[in-house]
Amino acid sequence: MSVQYQAVGWNRQKRIYDAVLVGGVLAYLTLFVGLGAFLYPSATAITLQIRAFGTLALVLLHVTLCIGPLCRLDRRFLPLLYNRRHLGVTMFLVALVHSVLSINQFHARGDVTPLVSLFVSNTRYGSLAQFPFQALGFTALSILFLMAATSHDFWLHNLSPCVWKRIHMMVYVAYALLVAHVVLGALQADRNVALAVLLGIGLVLVASLHLLAGAKEWRIDHDLRRAELNGFVEVCTVDDIPEKHGKVVSLADERVAVFRYDGKISAISNVCRHQNGPLGEGRIIGGCVTCPWHGYQYLPDSGTSPPPFTDAVPTYRTTLIGNRVLVHPCAHPPGTRLEPSFIGQVETGAPQ
Ligand code: HEM
Ligand code: FES
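This one's a predicted model, so the numbers in the text were calculated from it and none came from an experiment.

Quick look at the confidence of the model for the protein
Do not read the fine detail of predicted coordinates wherever pLDDT is low.
Part 1: Residues of the protein with pLDDT of at least 70 account for 94%, and the chain-wide mean is 89.
Part 2: With pLDDT under 50 throughout, residues 1–7 is counted as low confidence; its partners more than four residues away or in other chains account for nine contacts.
Part 3: Below a pLDDT of 50 lies the segment residues 346–350, which in the model reaches seven contacts outside its immediate sequence neighbourhood of four places, other chains included.

If you want it as structure tokens, here you go:
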């Protein structure tokens, strides 16, 4: 391998995710074919299978597309994001079965090879009513294949995150092609109202979640710009600071220690009053920042030592925008209590 890369380990959460996924896929296919055979006794088994795999692939594609914006709107959806690639690859495999069954059913018995037949048996690209919708499905499948084949971390490291991201943004092209595949194909052929309604709901859901997430990000960017205009400096994200620990940042030639504790963020000078020890490398013990050198303690919101001690260090204003931590580089006199920033609290605008 040309680039150093470390495989991500298999863990319990991933196994549960995959088991739920495979169970859901099998349940959907069984239910679809079983109910289909009951409701439409004239439909052949192969038609039901083609439809079961096709609609399932489309459902999985919708779920995959909704996970990204859901996570940007609410961090509790993040566990779904970490395993999204398994969902994507499963969706591709299901779509592949639908495609192979369709090609075998509609193109395997002619004079030309099935794949050629797919493109030459209908060339009425100028007609909406008889548009060669299967070619759209094939193009979408090729994109899904490219994404599934490069989904492993090995490719993320070798192709570079930027190229990898570009490839995976093509999922929206595939989505548009597939909506056209269904609208120009199955929906025109048998005017299936349920399929039309479900596709409509899916489209509205995907579009509105993306718009909502986009609006939230726009608000965050806007608040960030305003906060920066007011002198605040973005230093890290909340996740960069482990609970009850600090992060040292350099602001206006001063070293500042930003602490996370009990759902709050506060910042004090990094320099201990005793012998200039690095407070940001200490931990919060008993509610106090504890210097790693000789154990002097300071309250994180006021920078004062707990009674009977009287030492104090300067404090800094903090603010949170989304999960980004910002600190104002202007030091407040030692012992000045400043309101901590509360993690998870909805921001009502940029700080003044
Ligand atoms: C080579 C690629 C493909 C071919 C040849 C193909 C062919 C077909 C055909 C012939 C139908 C009509 C079936 C019927 O009405 O009985 C159909 C419907 C459909 N296809 Fe595809 N398809 C391909 C790729 C895909 C992909 C990649 C997806 C989704 C991810 C997809 C999703 C669907 C859906 C949702 C339907 C409607 C099913 C229904 O009638 O209930 N197709 N496709
Ligand atoms: S330097 Fe901080 S306790 Fe000594």
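Structure shown, so let's carry the discussion forward.
Quick look at the site of ligand 1
Part 1: Of all residues adjacent to ligand 1, which total 24 residues, the nearest are R51, G54, H98, L178 and H181.
Part 2: Here R51 contributes a side-chain N or O atom positioned 3.0 Å from an oxygen atom of ligand 1.
Part 3: The side chain of H181 places a nitrogen or oxygen atom 2.9 Å from a nitrogen atom of ligand 1.
Part 4: When residues of the shell around ligand 1 are traced back to their parent elements, those giving at least two are α2 (45–73), α4 (84–107), α6 (133–149) and α9 (171–184).
Part 5: Its residues placed into classes, the shell around ligand 1 shows 14 nonpolar, nine polar and one charged.

As for the coordination of the iron atom of ligand 1
Part 1: Taken together, H98 (NE2) and H181 (NE2) make up the full set of protein donors to the iron atom of ligand 1, lying 2.0 to 2.1 Å away.
Part 2: Taken together, the six donor atoms coordinating the iron atom of ligand 1 span angles of 88 to 179 degrees at the metal, a pattern that classifies the geometry as octahedral. Placement of H98 in helix α4 and of H181 in helix α9 is noted, with a sequence separation of 83 residues between them. As far as the burial class goes, H98 and H181 line up, both buried.

Cut-offs used in this document
- Residues numbered from 1 in each chain as written.
- Chains lettered and ligands numbered in written order.
- Predicted model: local features only at pLDDT ≥ 70, side-chain atom pairs only at ≥ 80, totals over all residues.
- Heavy atoms only, no water.
- pLDDT = per-residue confidence, 0-100.
- Contact = heavy atoms within 4.5 Å.
- Near = heavy atom within 4 Å.
- Polar contact = N/O pair within 3.5 Å; in protein donor to acceptor, adjacent residues only side chain to side chain.
- Helix = DSSP H or I, 4+ residues; strand = E, 2+ residues; numbered from the N terminus.
- Nonpolar A, V, L, I, M, F, W, Y, C, P; charged D, E, K, R; others polar.
- Donors = N, O, S within 2.8 Å, 3.2 Å for Na, K, Ca; no water.
- Tetrahedral: all angles 85-135°; square planar, octahedral: opposite > 155°, others 65-115°.
- Buried < 20%, exposed > 50% of the residue type's maximum accessible area, 1.4 Å probe, protein only.

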